[in-house]
Amino acid sequence: MAAHSQGAGPSPAALSLKEILKSENAEAFDDDDEDLDDEFADLQRIQSAKRREARDMANKCRIRELLRIPFAPNIRPLGIYDIDSVVALEHAAFHNPEHQASRKKMEYRLSICPQLSMGIFLTVPPDRVEDTSIFATFDTAHLVETGRPDNAKTVLLAHIVGTASDSDIVTDKAMEVPGNWKGPKRSESDKGHLLDGRTVCLHSLAVSPKLQGCELGKLIMKSFLQHVKNIGYERVALICQEYLIGYYERFGFKNVGKSKVEFAGGGWVDMVFDWATHSAAVTTNTVSS
Ligand SMILES: CC(C)(COP(=O)(O)OP(=O)(O)OC[C@H]1O[C@@H](n2cnc3c(N)ncnc32)[C@H](O)[C@@H]1OP(=O)(O)O)[C@@H](O)C(=O)NCCC(=O)NCCS
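Quick caveat, the model's predicted, so the values are computed rather than measured.

**Q** Looking at this structure, how should I read the overall build of the protein?
**A** The number of helices and strands found in the protein is nine helices and eight strands. Across the 289 residues that make up the protein, the buried fraction comes to 42%. Of the roughly 16100 Å² of accessible surface on the protein, 52% is carried by carbon and sulfur atoms.

Structure below.
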């Protein structure tokens, strides 16, 4: 932009890309306009919006096609009332049994810090769905609370479950369950959820297998990040296998190296989303662009 306004004109590379865009966007292109760089930026925006729209349509159609009922999800924190569906979803989504969080861990997490969990639910009238096995959690779902003549159930499609920690990254201790957490006199423990912790350790992200790839993972992760920021946490940490690093980086998580966690034999990578560095990076990009 600066080079052109000083009379230098767009670079040959920009021009050749412009030629390509021009051939694909004939109607959006004005040959008489002298401000080629502005036009080039506009075309890029158009191309990007078109790509986004096509992807959104594909996802909407796919989930609509799969469900054949209105997709009006309800996103809310989970509670112990949801335990059966959470366990069913965890088992269905994680093929490696070693990677599944146990029922005991889920019971503890949903009882002690339900505010650090989230679920995407959908109201499903059984008679309007051809095959209820498309939902991994249909059998464990509860009838909708308001009661309905069509016996609609509120079905869990995706979940996130976390606890708070005083460490910046996930540790084995954060993943444990303190011995006497159900007792009336809970002793102080450095295991599991720490009330004063400022980091949310995200222990499980799971999407119902037949609904994966429809952006439910993206929806719940974005909602969760916003939610835990709103209630005052400073960062979200998780461990993942190498093949998911790119997936989490898309949300703004940073790969901070090999994790020391030994859960399920180790081999994990530490990922951290920190609002302090994230906001700083966003501010810097905005200022320099
Ligand atoms: C991983 C998981 C949560 C992703 O949820 P999802 O709803 O299937 O993913 P989304 O549809 O939101 O994916 C959105 C984007 O991420 C991409 N993506 C999905 N999986 C990916 C992967 N493994 N690596 C990189 N990108 C990936 C998709 O291609 C899509 O890209 P697009 O926007 O360009 O089309 C889900 O597949 C799942 O439950 N897997 C089993 C349990 C699991 O492994 N959980 C994570 C534990 S750390």
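**Q** Which parts of the structure should I look at to understand the pattern of salt bridges?
**A** One side chain can pair with another of opposite charge once the charged atoms of both are near each other. The final tally for this structure, using the stated rule, is 11 salt bridges. Here the salt bridges do not stand alone but share partners, grouping Asp-84, Arg-103, Glu-107 and Lys-182 into one network.

**Q** Looking at this structure, how should I read helix 4 (residues 83-93)?
**A** Residue pairs three or four apart in sequence face the same way in an α-helix, which turns once every 3.6 residues. Here helix 4 has its buried residues at Ile-83, Ser-85, Val-86, Val-87, Leu-89, Glu-90 and Ala-93. Where helix 4 is buried, its residues meet helix 5 (103-112), strand 4 (153-165) and strand 5 (199-207).

**Q** Help me out: how do you make sense of the packing of aromatic side chains in this one?
**A** Geometrically, a pair of aromatic rings is defined through the distance of the ring centres and the angle of the planes. Summed over all chains, the structure comprises eight aromatic pairs. For the pair Tyr-248 and Phe-253, a centre-to-centre distance of 5.7 Å together with 70° between the ring planes defines the contact as edge-to-face. Under the relative-accessibility criterion, Phe-253 is labelled buried at 2%. A network of ring pairs unites the aromatic residues Tyr-247, Tyr-248, Phe-251, Phe-253, Phe-273 and Trp-275 as a single cluster. Its guanidinium or amino end placed over the ring of Phe-121, Arg-76 lies 4.0 Å from that ring's centre, counting from NZ or CZ. One Lys or Arg, Lys-153, reaches over the ring of Phe-138 and ends 4.5 Å from the middle of that ring.

**Q** Sorry if this is basic, but what is going on with unusual backbone geometry here?
**A** Of all residues except glycine, most have a negative phi; of all peptide bonds, most are trans. With a phi angle near 60°, Arg-68 is a residue other than glycine that sits in the positive phi range. Note on placement: Arg-68 falls in the loop between helix 3 (36-67) and strand 1 (74-76).

**Q** Explanation requested: the confidence of the model for the protein in the structure shown.
**A** Should pLDDT be low for a region, the predicted coordinates there are not to be read in detail. Counting all residues, the mean pLDDT for the protein is 85, and 79% of those residues have values of 70 or more. Within the model, the stretch residues 1-18 combines pLDDT values under 50 with 19 contacts to residues more than four positions away or in other chains. In the predicted structure, residues 20-31 sits below a pLDDT of 50 and forms 19 contacts with residues beyond four places in sequence or in another chain.

**Q** How should the site of the ligand be read in this particular structure?
**A** Around the ligand, the structure places 20 residues, and the nearest of them are Leu-205, Gly-213, Glu-215, Gly-217 and Arg-250. In the model, an oxygen atom of the ligand is placed 3.3 Å from a nitrogen or oxygen of the Tyr-247 side chain. Coverage of the ligand by the protein chains reaches 74% of its 930 Å² of free accessible surface. Of all the secondary-structure elements, those providing two or more residues to the shell around the ligand are strand 5, helix 7 (216-230), strand 6 (235-240) and helix 8 (245-249). Here the shell around the ligand is built from residues that sort into 13 nonpolar, three polar and four charged.

**Q** In this structure, what is going on with the pairing of strand 2 (residues 117-124)? I would like to understand it.
**A** The buried fraction of strand 2 amounts to seven of the eight residues, a majority that puts the element mostly inside the structure. Judged from the three bridges that link them, strand 1 and strand 2 form a sheet pairing that is antiparallel. Bridge pairing in strand 2 links Arg-76 to Gly-119.

**Q** Honestly, the environment of Gly-197 in this entry has me stumped. Any pointers?
**A** Of note, Gly-197 is situated in the loop between helix 6 (172-175) and strand 5. Sequence-wise, Gly-197 and Asp-166 are 31 residues apart; in three dimensions their C-alpha atoms are separated by 4.2 Å. Setting aside residues no more than four positions away along its own chain, Gly-197 makes contact with Ala-164, Ser-165, Asp-166 and Tyr-233.

**Q** Sorry, what's going on with the packing of helix 4 against helix 5 here?
**A** Packed helices, taken two at a time, are described by the angle their axes make and the gap between the axes. Closest axis-to-axis distance for the helix 4/helix 5 pair is 10 Å, and the angle between their directions is 135°. When the interaxial angle is binned, helix 4 and helix 5 end up oblique. You can see that helix 4 and helix 5 cross each other, and the crossing is right-handed. Residues Ile-83, Asp-84, Val-86, Val-87 and Glu-90 of helix 4 form the contact with helix 5, whose participating residues are Arg-103, Met-106, Glu-107 and Leu-110. Here the contact of helix 4 with helix 5 is built from residues that sort into five nonpolar, no polar and four charged.

The rules behind these values
Residues numbered from 1 in each chain as written. Predicted model: local features only at pLDDT ≥ 70, side-chain atom pairs only at ≥ 80, totals over all residues. Heavy atoms only, no water. Helix = DSSP H or I, 4+ residues; strand = E, 2+ residues; numbered from the N terminus. Buried < 20%, exposed > 50% of the residue type's maximum accessible area, 1.4 Å probe, protein only. Areas by Shrake-Rupley, 256 points an atom, 1.4 Å probe, with all protein chains shown as cover. Salt bridge = Lys/Arg side-chain N within 4 Å of Asp/Glu carboxyl O. Contact = heavy atoms within 4.5 Å. Phe/Tyr/Trp six-rings, centres within 6.5 Å; stacked < 30°, edge-to-face > 60°. Lys NZ or Arg CZ within 6 Å of the ring centre and 35° of its normal. pLDDT = per-residue confidence, 0-100. Near = heavy atom within 4 Å. Polar contact = N/O pair within 3.5 Å; in protein donor to acceptor, adjacent residues only side chain to side chain. Nonpolar A, V, L, I, M, F, W, Y, C, P; charged D, E, K, R; others polar. Pairing = 2+ DSSP bridges. Axes fitted to C-alpha atoms, helices over the stretch in contact; angles between N-to-C directions. Parallel < 35°, antiparallel > 145°, perpendicular 65-115°, else oblique. Left-handed = near helix turned anticlockwise from the far one by under 90°.

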